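Below, each chain spelled out in residue letters.
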Amino acid sequence: LIAYYVAKVTVNSDFLRDYLSSKLPSFMIPHHFIQLEAIPLTSNNKVDTNALLKLHTAVVDESGLSYESADELTQNVINCFKDVLKIDKIDLND
């Protein structure tokens, strides 16, 4: 789960996570927080989800997550999810 937000000042993701933990159940707490200058919109003034997905991919790539060190069972589970979901990259927290 990813939270995109707009703020005039930089907000620490740990602060956001702690605050949301006091208001929401744990399964609803986002794994990633992405601060934007503005929410990207389409020409119809709807949220441009394609632009948000590109931002998410960039954040996941920069996180340096590596699964080469995962044990064999974990690697097999990751590969199964990749095959079923037809995606190339997956986070252990997804």
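Residues numbered from 1 in each chain as written. Predicted model: local features only at pLDDT ≥ 70, side-chain atom pairs only at ≥ 80, totals over all residues. Heavy atoms only, no water.

## Examining the overall build of the protein
To keep it simple, the criterion reads: Strands here are runs of E lasting at least two residues and helices are runs of H or I lasting at least four, both read from the DSSP assignment and numbered beginning at the N terminus. Residue exposure (1.4 Å probe, protein chains only): buried if accessible area is under 20% of the type maximum, exposed if over 50%, otherwise partly exposed. Residues are treated as being in contact if the distance between any of their heavy atoms lies within 4.5 Å. All accessible areas in this document rest on Shrake-Rupley with a 1.4 Å probe, and a residue is counted as covered only by the protein chains that are shown.
Within the protein, the regular secondary structure consists of 3 helices and 2 strands. Residues classed as buried in the protein amount to 16% of the 94 residues present. Excluding contacts between residues fewer than 6 apart, the proportion of contacts in the protein whose partners are at least 24 apart in sequence is 55%. Only carbon and sulfur atoms are counted for the fraction: they give 56% of the accessible area of the protein, which is about 7400 Å².

## Brief notes about the pattern of salt bridges
Note the threshold: A side-chain nitrogen of Lys or Arg and a carboxyl oxygen of Asp or Glu constitute a salt bridge if their distance falls within 4 Å.
The full count for this structure, using the stated rule, is 1 salt bridge. With its nearest N and O atoms 3.5 Å apart, the salt bridge here joins Arg17 to Asp14. Here the residue Arg17 and the residue Asp14 both occupy positions in helix 1 (residues 13-21), the gap between them amounting to 3 residues, near one helical turn. Under the relative-accessibility criterion, Arg17 is labelled partly exposed at 24%.

## Observations regarding helix 3 (residues 72-85)
Stated precisely, the cut-off is as follows: To estimate the expected span of a helix, subtract one from its residue number and multiply by 1.5 Å.
Taking 1.5 Å of rise per residue, the 14 residues of helix 3 would be expected to cover 20 Å, and the 20 Å separating its terminal C-alpha atoms lies within 8% of that figure. Just beyond helix 3, the residue with positive phi is Lys86, at close to 55°.

## Considerations on the pairing of strand 2 (residues 32-36)
Rule in force here: What makes two strands pair is DSSP finding at least two bridges between them. When the strands point away from the viewer, a crossover counts as right-handed if the path from the first strand over the helix to the second runs clockwise.
A large share of strand 2 lies buried, amounting to 4 of its 5 residues. Relative to strand 2, strand 1 (residues 2-6) runs parallel, the two sharing 5 bridges. Residue pairing in the sheet places Ile2 in a bridge with His32 of strand 2. The parallel pair strand 1 and strand 2, bridged by helix 1, forms a crossover whose chirality is right-handed.

## What about the confidence of the model for the protein?
Under the convention used in this document: What pLDDT expresses is the predictor's confidence in each residue, scored from 0 to 100.
With 79% of its residues at a pLDDT of at least 70, the protein reaches an overall mean of 79. For the protein, the element scoring lowest by mean pLDDT is helix 2 (residues 49-62), at 66; helix 1 scores highest, at 91. Scored below 50 in pLDDT, residues 60-69 makes 8 contacts in the model with residues more than four places away or belonging to other chains.

## Focus: unusual backbone geometry
Phi at Asn45 is positive, roughly 60°, even though this residue is not glycine. Along the chain, the position of Asn45 falls in the loop between strand 2 and helix 2. At Lys86, a position not held by glycine, the phi torsion is positive, near 55°. Topologically, Lys86 is positioned in the segment after helix 3. On the accessibility criterion, Lys86 (72% relative accessible area) is exposed.

## Regarding the environment of Phe81
With respect to the helices, strands and loops of the structure, Phe81 is situated in helix 3. Residue classification places Phe81 among the partly exposed positions, given a relative accessible area of 45%. Leave out the neighbours within four places in its chain, and Phe81 touches Lys86 and Ile90.

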